[in-house]
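Geometric and topological summary
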Amino acid sequence: MRGTALLLVWALSAATQALSAPVVLYVSPEGRDTWTGLSPTANAAGTDGPLASLSGARDRLRQLRAAGELDGPVRVQLQPGSYPLAEPIVFTPQDGGTPEAPVTYAGAPGWASVVSGGKTITGWREVEPGLWVASVPEARGGAWPLRSLYVNGRRAVLARSPNEGYFRIAGKAAPIVDPDGNERDSGKIAFRVKPEDWTGWPDVTGANVMVFYHWETGLLPIQAVDPESATITLTGEMKWPFWSNQRYFVENARAALDAPGEFWLDRQEGLLYYRPRPDEDMGSASVIAPRLTQLVLIEGDVQAGLPVSNLRFEGLSFQHTNYELEPTGHCDWQAAVTVNAAIQANGASDCAIDGCEVAHIGNYAVWFAQGCQGNVVRGCYVHDTSAGGVRLGTGGIPATEPEQTRSNRVTDNLIRDIGHEFPGAVGVWVGQSSDNVIAHNEICDTYYTAISCGWSWGFNPTQCHRNRIEYNYLHDIGRGRLCDEGAIYTLGLQPGAVIRGNLIHDVWDWDEGYGAGGIYPDEGSSGILIENNVVYRTASGGLTVHYGRDLVVRNNIFAFGRDAQIHLGRRDQASTMTFERNIVYFDEGVLMQRDSELVSRNNVYYNTAGEELVFPLDRDWAAWQASGQDQGSIIADPLFVAPEQGDFRLRPESPALKLGFEPIDTSLAGLTGPPELIRLARSIERAPLATPRRPEPPALTLDEGFENTPSGVTAENCITWGEAGAARIRVTDQAAATGRHSLRFEDAPGLDFAYNPHLWYSPHQTSGLARGSFDLRLEPGALFWHEWRDNASPYRVGPSVGVDATGQLKSGDQVLMNVPWGQWIHFEISAGLGKQATGAWDLVVTVPGQAPQRFMDLPCDPRWKALEWMGFISNAEEATVFDLDNVTLKVEKP
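Residues numbered from 1 in each chain as written. Predicted model: local features only at pLDDT ≥ 70, side-chain atom pairs only at ≥ 80, totals over all residues. Heavy atoms only, no water.

1. Brief notes about the overall build of the protein chain
As a reminder of what qualifies: Segments assigned H or I by DSSP are reported as helices when at least four residues long, segments assigned E as strands when at least two residues long, and all are numbered from the N terminus. This radius of gyration counts C-alpha atoms alone. The globule rule is 2.2 Å times how many residues there are, raised to the power 0.38. Burial classes: relative accessible area under 20% of the type maximum marks a residue as buried, over 50% as exposed, and values in between as partly exposed (1.4 Å probe, protein chains only). Any pair of residues with heavy atoms lying within 4.5 Å of one another is described as a contacting pair. Under the convention used here, a 1.4 Å probe and the Shrake-Rupley method define accessible areas, while residue burial counts only the protein chains that appear. For the charge count, each Lys or Arg is scored as positive and each Asp or Glu as negative, with His and the chain ends excluded. Charged groups are reduced to one reference atom each: NZ for lysine, CZ for arginine, CG for aspartic acid, CD for glutamic acid.
In terms of helices and strands, the protein chain carries five helices and 81 strands. Taking 894 residues into account, the globule formula puts the C-alpha radius of gyration at 29 Å, and the protein chain, at 31 Å, falls close to it. If one aligns the C-alpha atoms of the protein chain with their principal axes, the spans along those axes are about 120 × 70 × 50 Å. Each of the 894 residues in the protein chain was classed as buried or not, and the buried ones make up 57%. Within the protein chain, contacts between residues at least 6 apart in sequence are counted, and of these 72% link residues at least 24 apart. Surface summary for the protein chain: the accessible area is close to 35,500 Å², and the carbon and sulfur share equals 51%. Each charge sign in the protein chain was given a centre, from 71 positive and 108 negative side chains, and these centres are 3 Å apart.

Quick look at the structure:
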């Protein structure tokens, strides 16, 4: 009886296994979608064999499932070759599997199975020496707005000018006047150019500009050019107003097709022009033009709670997508956040992209957007992207649980060479998404941030909780293109977040920028544990906190910051941080910037140059410790093995070990597999790099009467800030001390800050005797303030003077005189800089018809020695007006 029972159990088990046997379908470039796909090759009769496409395999599986013939794992095996897509392939809930029976689409080894959204371009002929053309009939009439091209697997350059570097905006454009005579501000949609950059004013039909902001760019089509006013007008707006000397270049113009490696498409005639590089033979070159904008769409029903589950892609190569520039252009607030992805999912559960390549694409590589939970991107090679790498979640807070994106893993991926069209794109971006793991990735060769986590500014509610960013290897970040960036960048409240075990080096911004750090907790970043990271060779410091609360920074090594080592956060935003058992090791730059609520202890500080350390508020070591900070900390050489070579192991006798510092094994950071991906990462050669030196900014002298700036626009060579509604600062022809123009400040109620609107110049003057002057005309009730500052953190104030609502002229709390309303008053200021600074300054005020009034040795901060910021401020909280003219600044050098 017992034997019979065992036989029955065995039989039932065998039957179950037979029912669950894997189904394998084959796909081949030589296949047909009318065949069964059950064989990797065609039969002798040519009547059956492999399928021809992914969509054919998907549809065959749907047929089998409808017939009840699928109850086990499914594997769709693609043979080596190219699989062009006519349209993106869409997977819906019926196309997924189960944990026990996943559906897998797999490629041949070595990424030999290529899923392509491109078309091979043939029929090339040389029309002049070094210029080739091919007919692309599908592109005629603008039907195919091609923006990228690949020749022998290498990205070509959309024809641009200049070929290297940038043009510089000359200044603001005049207001736009509509047919009814109404004026509209042109600050975000037009700008003046330098005529020498536009010699001949070529045809720019179909061309666009790429304009560089601090941390983002705008791709904006050109609507018109006006040679008479040297003005470019665009079809859509930049997010921020343009400013004089801002960087830009022109692309997609026929006149710019002048360098090897550049291409241009005549969209009306459907003719594609290309100038080959020296090593390219157009007789045999493989030229692929991307046609599709996306390749794979995973579309679950988020609202109904019906995800696409257990769908896997293994070992495939996804290539060739185009980005179709919107008619009004494209500009994001940050991170190229509205650019889509080649592989994009909504409503995906327990899906995987494993061991794949995503390359030569015009957007992001992978995006698990809304309602995506438990998915994996692992062991992939993402490279040569117009935007970024992998994205998780969206910018909006999910309203329901099914809409949440959470518990995903991005691990062991090599992500590099990204941001070709959207430099502000990110290697891995996490939005309003929780419980994700970003680990053991190598991210490098970016133009902006490597990993960005969070999408809420300030201390507003978020759904970005408990994310882990650990053991990643991040290097060669920024590469001098943008600024205000970090290898790891965070935003907003992030309770339970951990940044651990990451190895970061070589992070730098553009040479006129203002920030590129290793770990950068930006606005409101709070509740984050930062531990066991090694960060070295950065432009702005290993840790660059803007502001946030409850940050714990422990057991890290921050080394070789160029400008600074640590930014502590802003006290005015109630920033709080615990800073303990860290090693800060440097040879240039300041130790700390900013000043927050801080608990620091048991740290090791060492300046290899032997210079005395200066702590916030200009405190020396004794004063710093007397304030209660850094109890148990020391100033001593931590005795690294070879820090100049990036070896931050500690020698056994290191004093850091006695303070409880736990050695960090940097070999744990980065890829752990697959082996071929590790070998590929190590085979990439780069020239040895020292963090580029930031050039000394040119010292600015001023003689500005606003005569060369059109009426109605903002002033040039300065930053205008805080305009809103009726509050603005614009050149006017309604009043002038001399000439025809002055600068009018119009204030208004309801602004965010009383000191708006305001503007400032950046003189960068550090020595000599500075002499400044200006003419001022005040309407009744205007509140005016003028101030000179340095760039310390917090800044120190030199000369400062203002007029209150009663007409009293003041410096600090000292009343100097009364000034009249409605008359032009002349101010002259002089103050020593550098070694000539005395903590005092002189003022001369001249009212029409009166003798000059002299005020000598007015006090200022004795620590102020440099003129880095010269500001003019309207402090009113109601509608007021004042005019400024003839601003001058000259410095007599010693």
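2. Observations regarding the nonpolar core
We count it as follows: Remark: nonpolar core denotes a set of buried residues (Ala, Val, Leu, Ile, Met, Phe, Trp, Tyr, Cys) joined through side-chain atoms within 4.5 Å.
Among the nonpolar cores identified, the biggest contains 92 residues, and Tyr105, Phe313, Phe318, Leu543 and Phe579 are the most heavily contacted of them. Ranked by residue count, the leading element in this core is helix H2 (residues 54–66), at four residues. Apart from residues no more than four positions distant in its own chain, Tyr105 is found in contact with Leu54, Ala57, Arg58, Leu61, Val76, Phe91, Leu311, Arg312, Phe313, Glu314 and Leu316. Residues Ala159, Val193, Val339 and Trp429 belong to the second largest nonpolar core, which totals 60 residues.

3. So, the packing of aromatic side chains
When we look at a pair of aromatic rings, we describe it by the centre distance and by the angle of the planes. Stated precisely, the cut-off is as follows: Classification of ring pairs rests on two measures: the distance between centres of Phe, Tyr or Trp rings, Trp counted by its six-membered ring, which must be within 6.5 Å, and the angle between planes, read as stacked under 30 degrees, edge-to-face over 60 and tilted in between. Whether a charge lies above a ring is judged from NZ of Lys or CZ of Arg, which has to be within 6 Å of the ring centre and within 35 degrees of the ring normal.
This structure, assessed with the given rule, holds 42 aromatic pairs. Between Tyr585 and Tyr606, the ring centres sit 5.9 Å apart and the planes meet at 35°, which makes this aromatic pair tilted. Here the residue Tyr585 occupies a position in strand S60 (residues 583–586), and Tyr606 occupies one in strand S63 (residues 604–607), the gap between them amounting to 21 residues. With centroids separated by 5.1 Å and ring planes inclined at 5°, the aromatic side chains of Phe753 and Tyr755 adopt a geometry described as stacked. Given the relative accessible area of 45%, Phe753 is considered partly exposed. Given a relative accessible area of 39%, Tyr755 falls into the partly exposed group. Directly above the ring of Tyr166 sits Arg247, whose terminal nitrogen or CZ lies 4.9 Å from the centroid. The lysine or arginine in question, Arg391, covers the ring of Trp429, its NZ or CZ lying 4.8 Å from the ring centre.

4. A word on unusual backbone geometry
Glycine aside, negative phi is the norm for most residues, and most peptide bonds take the trans geometry. For the bond running from Gly673 to Pro674, omega is -5°, close enough to zero to count as cis. In this fold, Pro674 is placed in the loop between helix H4 (655–658) and helix H5 (675–683). Here the bond from Asn756 into Pro757 is cis, since omega is -5°, no more than 30 degrees from zero. Relative to the helices and strands, Pro757 is located in the loop between strand S70 (742–746) and strand S71 (758–761).

5. Some details on the sheet that holds strand S7 (residues 118–120)
Here is the rule: Two strands qualify as a pair provided DSSP detects at least 2 bridges between them.
Strand order across the open sheet formed by four strands is S7-S25-S10-S11, with antiparallel pairing between neighbours. Among the strands making up the open sheet, the edge pair consists of S7 and strand S11 (154–155). Relative to strand S25 (residues 287–290), S7 runs antiparallel, the two sharing three bridges. Counterpart to Lys119 in the pairing with S25 is Ala289.

6. A few points about H2
Short version of the rule: A helix is expected to span 1.5 Å multiplied by its residue count minus one.
Taking 1.5 Å per residue, 13 residues should reach 18 Å; H2 reaches 18 Å between its end C-alpha atoms and fits that length. Residues of H2 that are buried include every one of Leu54, Gly56, Ala57, Arg58, Leu61 and Leu64, and no others. In this structure, the buried side of H2 is in contact with strand S1 (23–27), strand S2 (74–78), strand S4 (89–91), strand S5 (103–106) and strand S6 (113–116). After H2 finishes, the residue Gly68 shows a positive phi value of roughly 75°.

7. A short note on the pattern of salt bridges
Test applied: The term salt bridge refers to a side-chain nitrogen of Lys or Arg lying within 4 Å of a carboxyl oxygen of Asp or Glu.
This structure, assessed with the given rule, holds 48 salt bridges. With its nearest N and O atoms 1.9 Å apart, the salt bridge here joins Arg192 to Glu716. Residue Arg192 is found in strand S18 (residues 190–192), and its partner Glu716 is found in the loop between strand S67 (702–704) and strand S68 (719–721); the two are separated by 524 residues along the sequence. The exposure class assigned to Arg192 is buried, which follows from its relative accessible area of 15%.

8. Brief notes about the environment of Phe661
Residue position: Phe661 is located in the loop between H4 and H5. You can call Phe661 buried: its relative accessible area is 6%. Spatially, the C-alpha atom of Phe661 lies 21 Å from that of Glu644, the residues being 17 residues apart in sequence. Excluding residues that lie within four positions of it along the chain, Phe661 makes contacts with Asn555, Asn556, Ile557, Arg581, Ile583, Leu650 and Ala656.

9. What to know about the side chain of Arg155
Our working definition: Any pair of N or O atoms that falls within 3.5 Å is considered a polar contact. Within protein, one atom must be able to donate a hydrogen and the other to accept it, and sequence-neighbouring residues count only if both atoms are side-chain atoms.
As for its placement among the helices and strands, Arg155 is situated in strand S11. Within the structure, the side chain of Arg155 is placed 3.1 Å from the side chain of Tyr150, a separation counted as a polar contact.

Limitation: the analysis is restricted to geometry and does not speak to function.
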